Amino acid sequence: MNKKKMLGIPYYFWAAMFIVIPLGMVFYYGLTDKTGAFTLENITAIASPEHSKALFLALLLSFIATIICLLLAYPLAMILCGMNVNQHSFIVLLFILPMWMNFLLRTLAWQTLLEKTGVINSVLTFLKLPTLNIINTPYAIILGMVYNFLPFMVLPIYNSLSKIDGNVINAAKDLGANNVQVFTKITLPLTVPGIISGITMVFIPALTTFVISKLLGGSKVLLIGNVVEEEFTQASNWHLGSGLSIVLMIFIIINMVLSAIFDKDGEGSVL
Amino acid sequence: MITNAAKKFYVFLIFIFLYAPIGTLIVLSFNASKTRAKWGGFTIKWYLKLFENEAILQALFNTMLIALIASVVATIIGTIACIAIMNLKKRTRTLIIGITNIPMLNADIVTGISLMLLFISLGFKFGLGTILLSHITFCIPYVILSVMPRMKQLNPNTYEAALDLGAGPVYGFFKVVFPELLPGILSGFLMAFTMSLDDFIITHFTKGAGVDTLSTKIYTEVKKGIKPEMYALSTLIFLTVLILLLLVNRNPGDKKSEVKR
């Protein structure tokens, strides 16, 4: 038994060195100033108009994107589940496959699609429909978020749907439940872990993105992720950048706690 | 019947949404005009030029090398860690799994800057080494998460039976436990490889000057305009993976349907 426990030592060392200590450093930098003295200034900096606007916009856009993902993904997962595809892995592959084409290039391709004279507008003009001018606006960023993170919503919901025992649904129907009741009383409650896991997987990356806003929002829209990134790569104010990251982590922790409450056994995990 | 058609149409629309940008990139790779704004006729010159562009080929080599080493190392460390984690007491196990989940649940930007701060304070030279360490770090959780469920299903008696019958611990592991874990290990490896390949944010913060992966190279090219060779390269990568996946997926599917008949 002891030998087996020893096997974990390389990993524990790795996790301490590259997960725990680095996070500690973010907190150290975030809570000190350039002289190394303790300060809360880097955290309260979030209240400045420029930063709070970026945070509020990021929260708003990622919230909308998460809701859209959920609304698109749930019916999709139900349909895929009902299609009786005998190969579970095939569905997963269809959603993972786009990841093999670089994430930046895929997002950039939306520029070509959305531009004033782009593909979508050409089609709309041809059909004599009003054109869509959303490139370099927050709407394009929401579209980019939905596009990039939709698979992370579909997969956990699909997983928890496919685990539902068909007999439970049949029993409910035998006992006189109609389709709506089956959905609200059986299907929906049983897929809560998947939904929560999907929300976490979409909301966190959407909230903290700086790439999607940079590529699809032009340079006009600044999200909190862009602010943090610029503090590190351009302004080199690591203390301020770390302080703002701590603020971001508060939202991440809230999300983690929520998913821990609703998804105790990790049932809704992507894998 | 109508609802059935509606369902299929909905799935079709979602797949259009997911694959439209990929289709766009493939079309752009054959576009003779250098800007992506207009169509200048069909050409394959970017595919030929790709093989003369040493900067892109170097970035491709770096990306592949990092993804391969990171996913192999992460698979080994992660699988071994799984064995140890299963034998822990419940409270310690929860703690370790909680820490393991951090890189997955935390925002990439925070993971990236935290590692950057670590490497700076340790005085590491930024380059392939620091990218590799970071990628291994965020790959391990994917391996652990896909091996762990298999580990839980494992019947401990079979391993002990092997030991009773005279197998050494290592021999017993590879003959009895390993084959059972293999599907989990493989999917963990594949997941880690894909994540490493597609990563931009963490690489962005942990790379040094002069070292580029495909993602960071594309990011620096965004302002100047993406070189069409890049579209050609990503088309080639995508088609290769698609063909490989179709081949891998076809064989077991055929067997299954035969058995059913």
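Scroll up for the structure.
Residues numbered from 1 in each chain as written. Chains lettered and ligands numbered in written order. Predicted model: local features only at pLDDT ≥ 70, side-chain atom pairs only at ≥ 80, totals over all residues. Heavy atoms only, no water.

On to the overall build of chain A. Along the backbone of chain A there are 14 helices and zero strands. Secondary structure of chain A in N-to-C order comes out as α-α-α-α-α-α-α-α-α-α-α-α-α-α. Its C-alpha atoms give chain A principal-axis dimensions of about 70 × 70 × 35 Å. Taking contacts inside chain A between residues at least 6 apart in sequence as the whole, the part at least 24 apart equals 70%. Surface summary for chain A: the accessible area is close to 12600 Å², and the carbon and sulfur share equals 69%. When the 14 positive and 12 negative side-chain charges of chain A are each reduced to one mean point, those points stand 7 Å apart. (Helix = DSSP H or I, 4+ residues; strand = E, 2+ residues; numbered from the N terminus. Contact = heavy atoms within 4.5 Å. Areas by Shrake-Rupley, 256 points an atom, 1.4 Å probe, with all protein chains shown as cover. Lys, Arg positive; Asp, Glu negative; His and termini not counted. Charge placed at Lys NZ, Arg CZ, Asp CG, Glu CD.)

With that out of the way, let us pick up the overall build of chain B. Scanning chain B from N- to C-terminus turns up 11 helices and zero strands. Along chain B, helices (α) and strands (β) appear in the sequence α-α-α-α-α-α-α-α-α-α-α when read from the amino end. Computed over C-alpha atoms, the radius of gyration of chain B comes to 23 Å, more than 25% over the 18 Å expected from 2.2 N^0.38 for 261 residues, which places it beyond the range of a compact globule. With the C-alpha coordinates aligned to their principal axes, the bounding extent of chain B is approximately 70 × 65 × 35 Å. Expressed as a percentage of its 261 residues, the buried residues of chain B come to 49%. Pairs at least 24 residues apart make up 69% of the contacts formed inside chain B by residues separated by at least 6 positions. (Rg over C-alpha atoms; globule rule 2.2 N^0.38 Å. Buried < 20%, exposed > 50% of the residue type's maximum accessible area, 1.4 Å probe, protein only.)

Taken together, the contact pairs 84 residues of chain B with 77 residues of chain A. Between chain B and chain A, roughly 7700 Å² of surface is buried when both sides are summed, and carbon and sulfur atoms account for 80% of that area. Between the two partners, chain B and chain A, sit one salt bridge. Residue Asp198 of chain B pairs with Arg106 of chain A through a salt bridge whose shortest N-O separation is 3.2 Å. Applying the counting criterion to the chain B and chain A interface returns nine residue pairs in polar contact (both at pLDDT 80 or more). In terms of residue count, helix α1 (residues 2-29) of chain B provides more of the side of chain B that touches chain A than any other element does, 16 residues in total. For the side of chain B that touches chain A, the residue count by class is 63 nonpolar, 15 polar and six charged. (Buried area = accessible area lost by both parts, 1.4 Å probe. Salt bridge = Lys/Arg side-chain N within 4 Å of Asp/Glu carboxyl O. Polar contact = N/O pair within 3.5 Å; in protein donor to acceptor, adjacent residues only side chain to side chain. Nonpolar A, V, L, I, M, F, W, Y, C, P; charged D, E, K, R; others polar.)

Right, let's get into the side chain of Thr112 of chain A. In this structure, Thr112 of chain A sits in helix α6 (residues 103-114). Residue classification places Thr112 of chain A among the buried residues on the basis of a relative accessible area of 6%. Ignoring any residue separated from it by four or fewer positions in sequence, one finds Thr112 of chain A in contact with Gly118 and Val119 of chain A together with Thr24, Leu28 and Arg36 of chain B.

Before going further, it helps to spend a moment on the packing of helix α3 (residues 54-86) of chain B against helix α8 (residues 169-198) of chain B. All names here are of chain B. Viewed as axis vectors pointing N to C, α3 and α8 meet at an angle of 140°, and their least axial separation amounts to 9 Å. Accordingly, the angle class assigned to the pair α3 and α8 is oblique. Crossing geometry of α3 relative to α8 is assigned as right-handed. Across the interface between the two elements, Thr63, Met64, Ile66, Ala67, Leu68, Ala70, Ser71, Val72, Thr75, Thr79 and Ile83 from α3 touch Phe173, Ile185, Phe189, Ala192, Phe193, Ser196 and Leu197 from α8. Within the contact of α3 with α8, the residues separate by chemical class into 13 nonpolar, five polar and no charged. (Axes fitted to C-alpha atoms, helices over the stretch in contact; angles between N-to-C directions. Parallel < 35°, antiparallel > 145°, perpendicular 65-115°, else oblique. Left-handed = near helix turned anticlockwise from the far one by under 90°.)

Let us look at the environment of Ala140 of chain A. Residue and element names in this part refer to chain A. Mapped onto the elements of the fold, Ala140 is located in helix α8 (residues 138-162). For the pair Ala140 and Ala15, spaced 125 residues apart in sequence, the C-alpha to C-alpha distance is 38 Å. Setting aside anything within four residues of it in sequence, one finds Ala140 in contact with Leu114, Ile134, Ile135 and Leu216.

Take the pattern of salt bridges next. Enumeration according to the criterion identifies five salt bridges over all chains in this entry. Taken together, the salt bridges that share partners define one network made up of Lys217, Glu221 and Lys227 of chain B.

Right, let's talk about the nonpolar core for a bit. Counting residues in hydrophobic clusters, the biggest one holds 156 residues, and the most contacted among them are Met145 of chain A together with Ile109 of chain B. The element that contributes the greatest number of residues to this core is α8 of chain A, accounting for 15 residues. Ile109 of chain B has contacts with Thr208, Phe210, Gly225, Val228, Glu229 and Leu248 of chain A together with Ile201 and Phe205 of chain B, leaving out every residue within four places of it along the chain. (Core = buried A, V, L, I, M, F, W, Y, C linked by side-chain atoms within 4.5 Å.)

A few words on the packing of aromatic side chains. Per the counting criterion, the structure on display carries 22 aromatic pairs over all chains. Measuring from ring centre to ring centre gives 4.8 Å for Trp14 of chain A and Phe18 of chain A, while their planes differ by 45°; the resulting arrangement is tilted. On the criterion of helical spacing, the pair formed by Trp14 of chain A and Phe18 of chain A is a turn pair, its members being four residues apart in helix α2 (residues 9-30). The same class applies to Trp14 of chain A and to Phe18 of chain A, which are both buried. With centroids separated by 5.7 Å and ring planes inclined at 90°, the aromatic side chains of Tyr74 of chain A and Phe183 of chain A adopt a geometry described as edge-to-face. With Tyr74 of chain A in helix α4 (residues 49-82) and Phe183 of chain A in helix α10 (residues 179-190), this residue pair connects regions lying 109 residues apart in the sequence. Every member of this aromatic cluster is reached through a ring pair, and the members are Trp14 and Phe18 of chain A together with Phe119, Phe124 and Phe126 of chain B. (Phe/Tyr/Trp six-rings, centres within 6.5 Å; stacked < 30°, edge-to-face > 60°.)

We now examine a nonpolar patch on the surface. All names here are of chain A. A cluster of nonpolar side chains, Phe56, Leu60, Phe63, Ile64, Ile67, Ile68 and Leu71, forms an exposed patch at the surface whose accessible area comes to about 650 Å². Residue placement: Leu71 occurs in helix α4. Since its relative accessible area comes to 59%, Leu71 is described here as exposed. (Patch = residues over 30% accessible without salt bridge, like charges linked within 9 Å, V, L, I, M, F, W, Y side chains within 5 Å.)

Looking now at the environment of Val92 of chain A. Residues and elements named next belong to chain A. With respect to the helices, strands and loops of the structure, Val92 is situated in helix α5 (residues 88-96). You can call Val92 buried: its relative accessible area is 19%. Note: C-alpha distance between Val92 and Tyr158 (66 residues apart in sequence) is 9.3 Å.

Right, let's talk about unusual backbone geometry for a bit. In terms of backbone geometry, most residues other than glycine have negative phi values and most peptide bonds are trans. All names here are of chain A. The phi angle at Lys128 is positive, at roughly 60°, despite the residue not being glycine. Its place among the elements puts Lys128 in the loop between α7 (119-126) and α8. Look at Asn136: it is not a glycine, yet its phi comes out positive at around 65°. Within the fold, Asn136 resides in the loop between α7 and α8.

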